[in-house]
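So the chains spell out like this:
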Amino acid sequence: MSAINSVEDLCALVQSRITWARGEEPQTLAPDTPLLESGLLDSLAIMEIVAALDKQAGIELPETEIVAANFRTPLALWALVQSAPRGAQA
């Protein structure tokens, strides 16, 4: 299990789930990168991030918190991650 111990770790996880357009150079995400506004995330990418947080880091996001406001930026998602229940760490 990979730990998500900082907003930078979370940025890396989010970045790995973005489908970059053909010919588009992958960006390095900053904590304040607008994810939804810029079109970097769609509903599939959001669900992949939720699944990766659970599988890779044991972080279970409540279904009621999987809303656009929590995915606007990595920093907004980090606030949710910090308050989310965590499964058993290996």
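Analysis parameters
Residues numbered from 1 in each chain as written. Predicted model: local features only at pLDDT ≥ 70, side-chain atom pairs only at ≥ 80, totals over all residues. Heavy atoms only, no water. Helix = DSSP H or I, 4+ residues; strand = E, 2+ residues; numbered from the N terminus. Buried < 20%, exposed > 50% of the residue type's maximum accessible area, 1.4 Å probe, protein only. Arc of directions from axis to C-beta. Axes fitted to C-alpha atoms, helices over the stretch in contact; angles between N-to-C directions. Parallel < 35°, antiparallel > 145°, perpendicular 65-115°, else oblique. Left-handed = near helix turned anticlockwise from the far one by under 90°. Contact = heavy atoms within 4.5 Å. Nonpolar A, V, L, I, M, F, W, Y, C, P; charged D, E, K, R; others polar.

Let's talk about the environment of E37
Then, in step 1: The residue E37 is located in the loop between α1 (7–17) and α2 (43–57) in this model.
Then, in step 2: With 14 residues separating them in the primary sequence, E37 and A51 have C-alpha atoms 22 Å apart.

Quick look at helix α3 (residues 74–83)
Then, in step 1: For α3, the complete set of buried residues consists of P74, L77, W78, L80 and V81. Considered in projection along α3, the buried side chains sweep an arc of 165 degrees and stay on one side of the axis. Those residues of α3 that are exposed and aimed more than 90 degrees away from the buried face are Q82 and S83.

Quick look at the packing of α1 against α3
Then, in step 1: α3 packs onto α1 with a crossing angle of 115 degrees between their chain directions and a minimal axis gap of 10 Å. Relative to α3, the element α1 lies roughly perpendicular. Handedness of the crossing formed by α1 with α3: right-handed. Across the interface between the two elements, V7, L10, C11 and V14 from α1 touch P74, L75, L77, W78 and V81 from α3.
Then, in step 2: Across the contact of α1 with α3, the residue classes break down as nine nonpolar, no polar and no charged.

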